[in-house]
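Below, each chain spelled out in residue letters.
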Amino acid sequence: MGAGRRGEDAGRATPADPDGARREPRPGVGDFDDLVRRYRRELHVYCYRIPGSFDEAEDHVQEVLLRAWRSREGFQGQSSPRTWLHRVATNACLDTLRRDARRAGLARSGAASSAAGGPRPSVAAMPWLQPYPDSLLDEIAADQPGPEAAAVSRETISLAFLAAIQLLPPRQRAVLILRDVVSWPAAEVAELLDTSVPAVNSALQRARATLRDQWPHGRLDWAPAAEPDPGQRRLLQRYIAAHEQADPEALVALLRQDIRLAISPQVGEWNGRREVGDALRDGMTSLGQWRILPIMANRQPGAAGYLRRPGEAAFSPFVLAVLGSEGGQLTDIAAFEQPSMFAAFGLPARLGSVRHS
């Protein structure tokens, strides 16, 4: 994972640390176990946010903990353990972004599109982008209500935000997340990234400018609503019923005029009620029968779709959908045909043919 560093891989940091963690010159085995317990989920969300991939976050956290374990004897206590681990995590994530030609191409084309007033980025063009289960986000919000909880605020964990920051070069993305999402001081970010404070401020300004091109009105444009209200829950139930009753017209009736349907990885994108409606009529019942379970992902309501194809006895995992809504209508459907992710949401591996009330 990149060149790495010997000894204190996390390097130096300023004395101040966001969580006020105590400094210890050499964490021993017992202390390392405590670090894993305290910071594993926070690191996972951080490693998810930068590349936008749940699966890559899993790999990165394993790499971070391995690198931290190997270099624990060289940790000199010049930074807190939290800063140390975040440095290792940042290096691992940036290594991934720099190696992936798909991401580099998207950043170049997306920046040009943004400058020209083009459409907002879509998950259909980002095969690595995946949803994140709210049940795992809640572990941070419940256990660590301090600075870590800011990392899972609604507007900065939404799929719209994550898709937008895919347009940023790697270091700009890291700076934006560290400064604007988890509120680290500019001096500490500069130390973590081995750069200067002016360079951090410049990268942050460029990153903010790119996001302003996407959302001129700021975070309110991409923030999901608060907890789903009764109207949103009814909308989700109607969405589920339309699928299970094989009624595409009932689903089309839920769509706002400017609805967008995007299916990843790289299946396609449809825009507007007429275009999305035609796509739903053509494809909703062609594969088989549906069973749908409600989920919450990225602080948004969603649905886990199980499919039973002709001749099969059980319903198998097929697609996870994250829904955007406003005024009782669906405004965005981001669908992920990634059955392997059902386990991360704690969902069953199969559903029987009979629904039990």
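Everything quoted here is computed from the prediction, not taken from an experiment. Every chain's residues receive numbers from 1 upward, in the order its sequence appears when written. Local features in this predicted model are restricted to residues of pLDDT 70 or higher, and side-chain atom pairs are both shown and tallied only at a pLDDT of 80 or more, whereas totals for entire chains, interfaces and linings draw on every residue. With hydrogens and water set aside, each side-chain value is computed from the structure's full complement of heavy atoms.

A. Spatial organisation of empty space enclosed by the protein. Residues are called lining when one of their atoms sits within 4 Å of a cavity or pocket point, these points coming from a 1 Å grid over the protein atoms alone, where a cavity is a set in which a 1.4 Å probe fits but cannot get out and a pocket is an open set with protein on both sides within 12 Å along at least five of seven lines. Grid points are joined across faces, edges and corners, and a volume is the space filled by probe spheres set on the points. Considering all chains together, one arrives at 2 cavities of 30 Å³ or more under this definition. Taken as a whole, the largest cavity holds about 60 Å³ of empty space. The way it works is that DSSP assigns letters per residue, a run of H or I at least four long becomes a helix, a run of E at least two long becomes a strand, and they are numbered from the N terminus. Sorting the residues of the lining of the largest cavity by element identifies helix H11 (230-244) and strand S5 (316-326) as the ones contributing at least two each. The biggest single contributor to the lining of the largest cavity is H11, with 3 residues. When its residues are assigned to classes, the lining of the largest cavity shows 5 nonpolar, 2 polar and no charged. Just so you know the grouping, Ala, Val, Leu, Ile, Met, Phe, Trp, Tyr, Cys and Pro go in nonpolar, Asp, Glu, Lys and Arg go in charged, and all remaining residues, Gly too, go in polar.

B. Structural view of helix H10 (residues 197-214). Take the number of residues in a helix, subtract one, and multiply by 1.5 Å to get its expected span. For H10, which comprises 18 residues, the first-to-last C-alpha distance of 26 Å matches the rise-based estimate of 26 Å (1.5 Å per residue) to within 8%. Residue exposure (1.4 Å probe, protein chains only): buried if accessible area is under 20% of the type maximum, exposed if over 50%, otherwise partly exposed. Taken together, the buried positions of H10 are occupied by Val200, Ala203, Leu204, Ala207, Thr210, Leu211 and Gln214. Taken around the axis of H10, the buried residues stretch over an arc of 125°, which confines them to a single face. Those residues of H10 that are exposed and aimed more than 90 degrees away from the buried face are Pro198 and Gln205. Residues adjacent in sequence count toward polar contacts only when both atoms are side-chain atoms; beyond that, a polar contact is any pair of N or O atoms within 3.5 Å, and within protein one must be able to donate a hydrogen and the other to accept it. Its side-chain oxygen placed 3.1 Å from the backbone nitrogen of Ala199, Ser196 serves as the N-cap of H10. What the arc describes is the spread of directions from the helix axis to the C-beta atoms.

C. Looking closely at the sheet that holds strand S4 (residues 300-308). Strand order in the open sheet formed by 6 strands is S2-S1-S6-S5-S4-S3, and the pairing between neighbours is mixed. Where the open sheet ends on each side, the last strands, each with one partner, are strand S2 (268-271) and strand S3 (289-297). Strand-to-strand twist across the sheet, computed as the mean angle between neighbouring axes with direction ignored, equals 20°. Pairing analysis gives 7 bridges linking S5 to strand S6 (residues 329-336), with the strands arranged antiparallel. In the sheet register, Leu323 faces S6, and the bridge partner there is Ile333. The criterion used for residue contact is that any of the two residues' heavy atoms lie within 4.5 Å. To get an axis, fit a line to the C-alpha atoms, keeping to the stretch in contact for a helix; angles then go from 0 to 180 degrees between the N-to-C directions. Of the strands in this sheet, S3, S4, S5 and S6 are in contact with H11, which crosses S3 at around 155°. Whether two strands pair comes down to DSSP finding at least two bridges between them.

D. Highlighting the packing of helix H2 (residues 54-70) against helix H3 (residues 81-99). The geometry of H2 relative to H3 is characterised by a closest axis approach of 9 Å and an angle of 130° between their N-to-C directions. Comparing their axes, H3 and H2 come out oblique. You can see that H2 and H3 cross each other, and the crossing is right-handed. Two secondary-structure elements touch here, H2 through Glu56, His60, Val64, Arg67 and Ala68 and H3 through Trp84, Leu85, Val88, Ala89, Asn91, Ala92, Cys93, Asp95 and Thr96. Residue composition of the contact of H2 with H3, grouped by class: 8 nonpolar, 3 polar and 3 charged. Roughly parallel means an angle under 35 degrees; roughly antiparallel means over 145; roughly perpendicular covers 65 to 115; every other angle is labelled oblique. With the far helix as reference, a near helix turned anticlockwise by less than a right angle produces a left-handed crossing, and one turned clockwise produces a right-handed crossing.

E. Fine view of the environment of Trp270. As for its position among the elements, Trp270 is in strand S2. Owing to a relative accessible area of 24%, Trp270 belongs among the partly exposed residues under this scheme. For the pair Trp270 and Ile259, spaced 11 residues apart in sequence, the C-alpha to C-alpha distance is 8.4 Å. Beyond its immediate sequence surroundings of up to four residues, Trp270 is in contact with Ile259, Arg260, Leu261, Ile263, Glu275, Val276 and Ala279.

F. Inspection of unusual backbone geometry at higher detail. Geometrically, the link from Ser264 to Pro265 is a cis peptide bond, its omega value of 5° lying close to zero. Here Pro265 shows up in the loop between strand S1 (255-264) and S2. Unusually for a residue other than glycine, Ser183 sits at a positive phi of about 60°. Along the chain, Ser183 falls in the loop between helix H8 (170-181) and helix H9 (186-192). Unlike most non-glycine residues, Arg299 shows phi in positive territory, near 60°.

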